[in-house]
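Fold and geometry: a report
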Amino acid sequence: RFQREAHASCALIHPNIVEIYDVGEDNGAHFLVMEYIRGKTLKQLIHLRGALSVDEAIAIMKQLISATHEAHKRGIIHRDIKPQNVLVKDDGTIKMVDFGIALAHDALQLTQNDSVMGSVHYLAPELAKGEQASYQSDIYALGIVFYELLSGQVPFSAEQPVQVALKHIREEMPSIRQMICDVPQSVENVILKASAKRKEFRYNSSLEMLQDLNTVH
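Not measured: the values here are computed from a predicted model. (Residues numbered from 1 in each chain as written. Predicted model: local features only at pLDDT ≥ 70, side-chain atom pairs only at ≥ 80, totals over all residues. Heavy atoms only, no water.)

**Topic: the nonpolar core**
- Core analysis: the biggest nonpolar cluster contains 54 residues, and Leu42, Met61, Leu64 and Phe146 have the highest contact counts within it.
- Here this core gets 10 residues from one element, more than from any other, and that element is helix H5 (residues 135-151).
- If near-sequence neighbours (up to four positions away) are discounted, Met61 is found in contact with Leu142, Val145, Phe146, Leu149, Met209 and Leu213. (Core = buried A, V, L, I, M, F, W, Y, C linked by side-chain atoms within 4.5 Å. Buried < 20%, exposed > 50% of the residue type's maximum accessible area, 1.4 Å probe, protein only. Helix = DSSP H or I, 4+ residues; strand = E, 2+ residues; numbered from the N terminus. Contact = heavy atoms within 4.5 Å.)

Here it is in structure tokens:
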């Protein structure tokens, strides 16, 4: 799976995706040769600054959704979209990493049938139930990231990963406008549609989500 998806990721050429130059194996250890990015992760930026402004959050999300759309066009599901997998360059450009592979070793993760299901704070309800990853599960994660950018925190948290997963399944998405009063209703609508509990109620595609985001005010 690593070899198959890594080679597929090599074909992803997009200004908001970290380039993979080569894939190989050395004494049984698989490796990637990737573009070097000078900067910090989006998670580190949130820790440093807290909630971002509405305009900053929208600008970042447009880049993230655009990158996700490029992957989806090529049949690649990220499976682990989260701020830890987004790099922020010194000039403000966003670069997504780990498409289709989800290599992060220090994230809170749930496993079922020995397969990584993604980081629990961004985990779509159907993945928590053991269903297959889909374009809609990536879209759910984008909705959670959007909420975090605007609020400075994830919408669902608990002491145990399983408790967080259950909240994704059972609890309604908190209202970002109740927390941050200057967030437009149109922005909250994008978050709520992206993070709908049932995937058939989410955006049909990341392009559709991007088109909606381009009309918010």
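**Points about H5**
- For H5, with 17 residues, the first-to-last C-alpha span of 25 Å sits near the 24 Å given by 1.5 Å per residue.
- In terms of residue burial, H5 counts as a mostly covered element, since 16 of its 17 residues are buried.
- Regarding H5, its N-cap is Ser134, as a side-chain oxygen of that residue lies 3.2 Å from the backbone nitrogen of Gln136 further along. (Expected span 1.5 Å × (residues − 1). Polar contact = N/O pair within 3.5 Å; in protein donor to acceptor, adjacent residues only side chain to side chain.)

**A word on the pairing of strand E4 (residues 86-89)**
- The two faces of E4 differ: Val86 and Val88 on one face are buried, but Leu87 and Lys89 on the other face are not.
- In this structure, strand E3 (residues 39-41) lies alongside E4, joined through 3 bridges in antiparallel fashion. Within E4, the position partnered with Lys40 by the bridge is Val88. (Pairing = 2+ DSSP bridges.)

**Notes on the sheet that holds E3**
- If you trace the 3 strands from one edge of the open sheet to the other, you get E3-E4-E5, paired in antiparallel fashion. Unpaired on one side and paired on the other, E3 and strand E5 (94-96) mark the two borders of the sheet. Neighbouring strand axes in the sheet, compared pairwise and without regard to direction, differ in orientation by 30° on average.
- Of the pairings in the sheet, the one linking E4 to E5 comprises 3 bridges and is antiparallel in character. Paired with Val88 across the two strands is Ile94, which belongs to E5.
- Relative to E3, helix H2 (residues 42-49) is tilted by about 85°, and along the sheet it contacts E3 and E4.
- Strands E4 and E5 of the sheet are contacted by helix H3 (residues 54-73), whose axis makes an angle of about 35° with E5. (Axes fitted to C-alpha atoms, helices over the stretch in contact; angles between N-to-C directions.)

**A short note on the environment of Leu127**
- Topologically, Leu127 is positioned in helix H4 (residues 125-128).
- Residue classification places Leu127 among the buried positions, given a relative accessible area of 7%.
- Sequence separation of Leu127 and Ser137 is 10 residues, and the distance between their C-alpha atoms is 7.5 Å.

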